[in-house]
Structure formats: structure tokens, C-alpha cells
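A look at the structure
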Amino acid sequence: QKEVEQDPGPLSVPEGAIVSLNCTYSNSAFQYFMWYRQYSRKGPELLMYTYSSGNKEDGRFTAQVDKSSKYISLFIRDSQPSDSATYLCASGSGAGGTSYGKLTFGQGTILTVHP
Amino acid sequence: NAGVTQTPKFRILKIGQSMTLQCTQDMNHNYMYWYRQDPGMGLKLIYYSVGAGITDKGEVPNGYNVSRSTTEDFPLRLELAAPSQTSVYFCASSSTRQSYGYTFGSGTRLTVV
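Just so it is clear, the model here is predicted, and its values are computed rather than measured. (Residues numbered from 1 in each chain as written. Chains lettered and ligands numbered in written order. Predicted model: local features only at pLDDT ≥ 70, side-chain atom pairs only at ≥ 80, totals over all residues. Heavy atoms only, no water.)

Here we look at the overall build of chain B
Within chain B, the regular secondary structure consists of zero helices and 11 strands. Here the C-alpha atoms of chain B give a radius of gyration of 13 Å, agreeing with the 13 Å that 2.2 N^0.38 yields for 113 residues. Principal-axis analysis of the C-alpha atoms places the extent of chain B at approximately 40 × 30 × 25 Å. The burial tally for chain B puts 48% of its 113 residues in the buried class. Carbon and sulfur atoms make up 50% of the accessible area of chain B, which amounts to about 5,300 Å² in all. Between the averaged position of the 10 positive side-chain charges in chain B and that of its 7 negative side-chain charges there is a distance of 6 Å. (Helix = DSSP H or I, 4+ residues; strand = E, 2+ residues; numbered from the N terminus. Rg over C-alpha atoms; globule rule 2.2 N^0.38 Å. Buried < 20%, exposed > 50% of the residue type's maximum accessible area, 1.4 Å probe, protein only. Areas by Shrake-Rupley, 256 points an atom, 1.4 Å probe, with all protein chains shown as cover. Lys, Arg positive; Asp, Glu negative; His and termini not counted. Charge placed at Lys NZ, Arg CZ, Asp CG, Glu CD.)

This is the structure:
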């Protein structure tokens, strides 16, 4: 079993739709949960970060973590064509101890938002 | 504010050739990482470093070597290139003071023929 599993998609939605992207993880030591956005032929960029369980909102984006079920979600409201990208979930134990900030990534979901 | 700089952006290698992928960061980050990205497979950790002179293997280190002589630079060496090393390679860095988030470079797209 992979430590982080991501719904592979791809997803194609109309502009204005609500998008739900999901991951599960298996390592109970993971405390930090991130979403990265990667445009075609570019490096990933950090989109959202959450520590432990809970929700975090930033504009049209909401990240949710449920540690009891080991489930990670990203919601995009009022999706725009500019949101078309690959979205990667990532988890890690932090910079302390022997984890050295290493992150484990999901496989990525390709999202297309069409006008 | 350059962040993480990777060179070259593209390279075609013949089987058995060697090359070094360069990575430089200007944020004074202690932690640096090399990942490879294959279609539908996400990012796999090759090697990482927690500071100058300290490196360790990640999930997929075979066929690669690294060194870290300075805080800024973390080159990745491919010896005896094989078609299985065809991939996109990303270098990333992070600060020990933040337990979240990497800054990624723009990647090196490598094809081995």
C-alpha cells in the first residue's frame, strides 16, 4: 500500500463548478498536509498547508484533514479555467527528528476547467 | 529573488553517458531534495540533504549520486544513464524552521535514448 493515495482523475468540469480532490494516507506519524498545484511543464507550487486535523480556507480554496479516517481533501469553489493544472497532495512528519521535512506525494490529479 | 534554480532545462543522453543536474538555492535553506516525476506516479524521492556535507538516500536512489559541499548547491549525478532514468527531475528546498512546504525548481526534463 502506498503511503499516500490520490484519486487519479482526470477531472473535467465546467467553469463555476465546485471541485473536490481527495487523498488518503496510511502513516499515522504524518502531521503536515499540503496541496501543491503544478501547471504544465512547471515545478509544483505550494497551494495550501494544514497542520493536524481541521479545515483551512484561502479564498476559493478549502483544505480539509480528517486524521481519524486519514483523509485529505481540497475543495475549489467557483472554479476557473486558470485552475486547470495537476494537483498533488503531500504529507509529512515535519522538520524535526529523523523525518527531515521529507514529504510523500500522491500520484496527482489532472484538473481541466472548461469555459 | 531567484529561489531554486535548476539547469539544464532539457537534455537528451545516450545510454551509458553520464551527466550532472545542477541545483542552486539562494534562500539559505538547510534541507534540499531531489525528486523524479514520472507520468501518473507522483514524485519519488531520490536523495536528500540536511546540510552541507550530509546526504542520505531516498526511495529510489539507484543509479544516482549526490554531493553537498555548500548550503546553496545540491547537484545530482547520473552515472551510466539508462532508459529507465527518462523522467522529469525536480530539486526542492525547505527551511528547518518550517515544517511545511518546499520551494521547487522548474525541473529538468531528461530523455535517455
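Quick word on the pairing of strand β8 (residues 71–76) of chain A
Residues and elements named next belong to chain A. As paired elements, strand β3 (residues 19–25) and β8 share six bridges and run antiparallel to each other. Bridge assignment links Thr24 to a residue of β8, and that residue is Tyr71. Pairing of strand β7 (residues 61–66) with β8 involves six bridges; the strand directions are antiparallel. Across the sheet, Val65 pairs through a bridge with Ile72, a residue of β8. What sits between the antiparallel neighbours β7 and β8 is a turn of four residues, in which Lys70 has the positive phi angle 55 degrees. (Pairing = 2+ DSSP bridges.)

Considerations on the interface of chain B and chain A
Listed per partner, the contact involves 23 residues of chain B and 20 residues of chain A. Here chain B packs against chain A, burying approximately 1,800 Å² in sum over the two surfaces, 60% of which is carbon and sulfur. Across the chain B-chain A interface, the total number found is zero salt bridges. Put simply, the parts of the chain that give the side of chain B that touches chain A at least two residues each are β4 (31–37) and β5 (43–51) of chain B. Of the residues in the side of chain B that touches chain A, the class split is 13 nonpolar, nine polar and one charged. (Contact = heavy atoms within 4.5 Å. Buried area = accessible area lost by both parts, 1.4 Å probe. Salt bridge = Lys/Arg side-chain N within 4 Å of Asp/Glu carboxyl O. Nonpolar A, V, L, I, M, F, W, Y, C, P; charged D, E, K, R; others polar.)

Considerations on the sheet that holds β7 of chain A
All names here are of chain A. Strand order across the open sheet formed by five strands is β1-β3-β8-β7-β6, with antiparallel pairing between neighbours. Sheet topology places β1 (4–6) and β6 (54–58) at the edges, where each strand pairs with a single neighbour. Across the sheet, the axes of successive neighbouring strands diverge by a mean angle of 15 degrees, strand direction being ignored. By the bridge criterion, five bridges tie β6 to β7 in an arrangement that is antiparallel. Bridged to Gly54 within β7 is Val65. (Axes fitted to C-alpha atoms, helices over the stretch in contact; angles between N-to-C directions.)

Remarks on the packing of aromatic side chains
The final tally for this structure, using the stated rule, is 16 aromatic pairs over all chains. When the ring of Tyr25 of chain A is compared with that of Phe30 of chain A, the centres are 6.1 Å apart and the planes differ by 45 degrees; the resulting orientation is tilted. According to the relative accessible area criterion, Tyr25 of chain A is buried, its value standing at 5%. Residues Phe105 of chain A and Phe104 of chain B carry aromatic rings whose centres are separated by 6.1 Å and whose planes lie at 65 degrees to one another, so their mutual orientation is edge-to-face. (Phe/Tyr/Trp six-rings, centres within 6.5 Å; stacked < 30°, edge-to-face > 60°.)

So, the environment of Ala90 of chain A
All names here are of chain A. Here Ala90 is to be found in strand β9 (residues 85–92). For Ala90, a relative accessible area of 0% puts it in the buried group. Those residues in contact with Ala90 that lie beyond four places of it in its chain are Tyr32, Phe33, Met34, Tyr36, Leu103, Thr104 and Phe105.

Honestly, it's all geometry; don't read function into it.
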